[in-house]
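Commentary on secondary and tertiary structure
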Amino acid sequence: MPVLPGAEPYRHDGGEVGVLLCHGFTGSPQSLRPWAEHLAERGLTVSLPLLPGHGTRWEDLQLTGWPDWYAEVDRELRALGERCAQVFVAGLSMGGALALRLAAKHGEAVSGVLVVNPANKVHGLAAYALPVARHLVRTTKGITSDIAMEGSTEVGYDRVPLHAAHSLRTFFRVVDGELPQVTQPLLLLHSPQDHVVPPADSARILSRVSSSDVTEILLEQSYHVATLDHDAARIHEESHAFIGRLAPSVGKEGTSAGG
């Protein structure tokens, strides 16, 4: 299947500091592309992969599960580690959960974690119905484009395949159990007005990680896809400052340039 316009993966070869960005469930790299390009323009090496089953049609996502999505970002992290002195992981929504699991599993190979509206649980009665409902109903309505800014849209699916949603629920449980293994510096940015992932998910993550260096920032002007919303510039600036604090070569002229 051809990839939806704008949903292509993005990579940039820059300096010795790398960043892996993970997009969300039913979304695509398009939701993080401006963030990735901002970091690339500042000399970082950036990888923004397209997760299996995403960026084409929802029927393809129906055939995948969380081990497929995690394996993709795990491979990308290892590849970045081979060419970079330091690597950071970042993500939006489910991508935040992927980033947190990478940090939990890879330890010192990950220098820091940056997450925007990270998801931790499938909420509501629907979650309990998933094990049975997925055999009776193929999809439910989509969750993309929860954005406050007029005219800004997210490239993703308008339907959520329930087999994949059931796997997502299992994944969140796995990650929740591993959160105490996250010890790296953490930058967590979340929107009080989020119609996809409630603030309770961010609170849960903050209460369970073992990181001692934690920065929490509220994105007051944005909904769920804050990376394409009014607070996008703040996300860009805060993340670059966070990485620069932990990787001193970032921002020093000539040391982290490349392209």
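Only a predicted model underlies this, so the values are computations on that prediction, with no experimental measurement involved.

It is worth spelling out the packing of helix α3 (residues 66-83) against helix α6 (residues 162-178) at this point. Two numbers describe how α3 lies on α6: the axes approach to 8 Å, and their chain directions differ by 60°. When the axes of α3 and α6 are compared, the pair comes out oblique. Taking contact as the criterion, the partners of Trp66, Pro67 and Trp69 in α3 are, on α6, Ala164, Ser167, Leu168, Thr170, Phe171 and Val174. Here the contact of α3 with α6 is built from residues that sort into 7 nonpolar, 2 polar and no charged.

Let us look at empty space enclosed by the protein. A complete count under the given rule lists 1 cavity of 30 Å³ or more for this structure. Empty space within the largest cavity amounts to approximately 40 Å³. What lines the largest cavity is simply Ala97, Leu100, Ala119, Asn120, Phe172, Val175, Leu179 and Ile205. Of the residues assigned to the lining of the largest cavity, the class counts are 7 nonpolar, 1 polar and no charged.

With that settled, the discussion passes to the sheet that holds strand β5 (residues 112-116). Ordered in space as β1-β3-β2-β4-β5-β8-β9, the 7 strands form an open sheet in which the pairing is mixed. Of all the strands in the sheet, just β1 (10-12) and β9 (214-218) have a single pairing partner and so form its edges. On average, each strand axis in the sheet is tilted by 15° relative to the strand beside it, whichever way the strands run. Examined bridge by bridge, β5 and strand β8 (residues 186-190) share 4 bridges and lie parallel to one another. By the bridge assignment for β8, Val113 is matched with Leu186.

Core analysis: the largest hydrophobic core is formed by 45 residues, its most contacted members being Phe25, Trp69, Leu100 and Val113. Sort the elements by how many residues they give to this core and helix α4 (residues 94-106) lands first, with 8 residues. When residues no more than four places from it in sequence are discounted, the contact partners of Val113 are Val89, Ala99, Leu100, Ala103, Gln184, Pro185, Leu186, Leu187 and Phe242. Trp35, Ala226, Ile235 and Phe242 belong to the second largest nonpolar core, which has 30 residues in total.

Reading guide: rules and limits
Residues numbered from 1 in each chain as written. Predicted model: local features only at pLDDT ≥ 70, side-chain atom pairs only at ≥ 80, totals over all residues. Heavy atoms only, no water. Axes fitted to C-alpha atoms, helices over the stretch in contact; angles between N-to-C directions. Helix = DSSP H or I, 4+ residues; strand = E, 2+ residues; numbered from the N terminus. Parallel < 35°, antiparallel > 145°, perpendicular 65-115°, else oblique. Contact = heavy atoms within 4.5 Å. Nonpolar A, V, L, I, M, F, W, Y, C, P; charged D, E, K, R; others polar. 1 Å grid on protein atoms, 1.4 Å probe; cavity = no way out; pocket = protein on both sides within 12 Å on 5 of 7 lines; lining within 4 Å. Points joined across faces, edges and corners; volume = space filled by probe spheres on them. Pairing = 2+ DSSP bridges. Core = buried A, V, L, I, M, F, W, Y, C linked by side-chain atoms within 4.5 Å. Buried < 20%, exposed > 50% of the residue type's maximum accessible area, 1.4 Å probe, protein only.

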